[in-house]
Amino acid sequence: VVVMYVKYGVDDDTKGTTKNLKTIVIERCMEYIRAVSQMPSSNNCDAIWEGFQNSFLGKDPCKVHVEDYDQFITTVQQDIPCNKSLFWSKTGQIAHDFTKATKCFMTLEDTLLGHMMDGLKWCGQQHSKEFNYTSCPGWNECEFNPVRSFWRRASAHFAELACGNVMVMLNGSIDSPFNKQSIFGSVEIKKFDPEKISYVSIRVIDSLQDRTSCNSISLQDLGRILNNSRLDFDCKDIDKSEILQCINDPISQSCDCVN
Ligand code: APR
């Protein structure tokens, strides 16, 4: 039996643009603005959609650059409160389950920008203003594909806005919990502003009991980068079961936003 994890119930095993992309994006946008109070009233989901599609339609889907989304990013207004930003790498499922259960932190995908595009695929083509519903480049097929450039742009923006104490959730079950090629390692960490960020809490989620990932070579790399950026931080190994427990029972005392 093959069980596929499908984000937000969007059935997208096609190779091209997600079916009904426009409807999904606009509905997610409207629903988000309705659900989240204190959203600036300047957000207009139709204008946001226009800005989004203008970023990549009519372009070769291997030549959509990170900067092509600059204008679009400015059409989405949202204040990210200090002390709330959670960054993650290879811990997508548990990090998102955690933020949904506890409301302690928010990930990029919990912001309007990330929420609208989460799990979706899109591309256009040269010499046409149509979407390509048949075939879009895969994540690694060419560097400057529309989806990858979007996530790099949105991630840079999210990291630039971060202030106060931030949390980073890494995966202690792999050889390099900190990977310089990941979006966290190549985009977000470079945008951390030491004038705005007071502290970086690195939490490595371990599934085995040894809990020593904070001493690993890859975490030493991360420590050096943070030191060079004059950012204060600590690293703690956390048992995966502790986070899962917290997700299942968010009001229990073991679940104190993972300090
Ligand atoms: N193929 C398809 N999608 C990929 C691939 C790939 N090879 N690599 C990354 N992605 C997309 C997926 O959507 C995945 O869920 O990027 C997401 C995160 O990838 P990870 O490697 O787990 O982590 P990382 O590259 O560090 O990105 C996560 O960036 O999205 C921001 O703020 C977010 O802090 C988070 C970080």
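Residues numbered from 1 in each chain as written. Predicted model: local features only at pLDDT ≥ 70, side-chain atom pairs only at ≥ 80, totals over all residues. Heavy atoms only, no water.

Novice: Looking at this structure, how should I read the overall build of the chain?
Specialist: The secondary structure content of the chain amounts to nine helices and four strands. Starting at the N terminus and walking to the C terminus, you meet the elements of the chain as α-α-α-β-α-α-α-β-α-β-α-β-α. Relative to the compact-globule value of 18 Å for 259 residues, the chain shows a C-alpha radius of gyration of 19 Å, a close match. Projected onto its principal axes, the C-alpha coordinates of the chain cover approximately 55 × 50 × 35 Å. Residues classed as buried in the chain amount to 49% of the 259 residues present. The long-range fraction of contacts in the chain, counting pairs at least 24 apart against all pairs at least 6 apart in sequence, stands at 75%. (Helix = DSSP H or I, 4+ residues; strand = E, 2+ residues; numbered from the N terminus. Rg over C-alpha atoms; globule rule 2.2 N^0.38 Å. Buried < 20%, exposed > 50% of the residue type's maximum accessible area, 1.4 Å probe, protein only. Contact = heavy atoms within 4.5 Å.)

Novice: How should I be thinking about the site of the ligand in this particular structure?
Specialist: Around the ligand there are 13 residues in total, and Trp88, Ser89, Lys90, Ile183 and Glu188 lie nearest to it. One nitrogen or oxygen atom from the side chain of Asn140 is found 3.3 Å from a nitrogen atom belonging to the ligand. Here the ligand loses 73% of its free accessible area of 680 Å² to cover by the protein chains. For the shell around the ligand, the per-class residue count stands at six nonpolar, four polar and three charged. (Near = heavy atom within 4 Å. Polar contact = N/O pair within 3.5 Å; in protein donor to acceptor, adjacent residues only side chain to side chain. Areas by Shrake-Rupley, 256 points an atom, 1.4 Å probe, with all protein chains shown as cover. Nonpolar A, V, L, I, M, F, W, Y, C, P; charged D, E, K, R; others polar.)

Novice: Looking at this structure, how should I read the sheet that holds strand β3 (residues 197-206)?
Specialist: Strand pairing in a sheet is mediated by backbone hydrogen bonds. Such pairs are either parallel or antiparallel. If you walk across this open sheet you meet the four strands as β1-β2-β3-β4, and the pairing is parallel. Unpaired on one side and paired on the other, β1 (86-89) and β4 (233-239) mark the two borders of the sheet. Between one strand and the next, the sheet's axes are offset by a mean angle of 20°, whatever the strand orientation. Bridging between β3 and β4 involves seven bridges; their strand directions are parallel. When the sheet's bridge partners are listed, Val204 is paired in β4 with Asp237. Packed on one face of the sheet, helix α4 (residues 92-102) meets β1, β2 (164-171) and β3 and runs near 155° to β1. (Pairing = 2+ DSSP bridges. Axes fitted to C-alpha atoms, helices over the stretch in contact; angles between N-to-C directions.)

Novice: Even after reading the chapter, I still don't get the side chain of Ser182, so can you show me in this structure?
Specialist: Assignment of secondary structure puts Ser182 in the loop between β2 and α7 (183-191). Residue Ser182 is classed as buried on the basis of its relative accessible area of 8%. A polar contact of 2.9 Å, which involves the side chain of Ser182, links it to the backbone nitrogen of Gly185. Those residues in contact with Ser182 that sit more than four places away from it in its chain are Ser89 and Val187.

Novice: Can you walk me through the pattern of salt bridges in this structure?
Specialist: A side chain with one charge can pair with a side chain of the opposite charge if their charged atoms come near. This structure, assessed with the given rule, holds seven salt bridges. When the shortest N-O distance is used, the salt bridge between Arg153 and Asp70 registers 2.5 Å. Highlighted residues: Arg153 in helix α6 (residues 146-161) and Asp70 in helix α3 (residues 70-74), separated in sequence by 83 residues. The residue Glu143 makes a salt bridge to Arg152 at a minimum N-O spacing of 3.2 Å. Taking relative accessible area as the criterion, Glu143 reaches 38% and is therefore assigned partly exposed. (Salt bridge = Lys/Arg side-chain N within 4 Å of Asp/Glu carboxyl O.)

Scope: geometric values only; no functional claims are made or implied.
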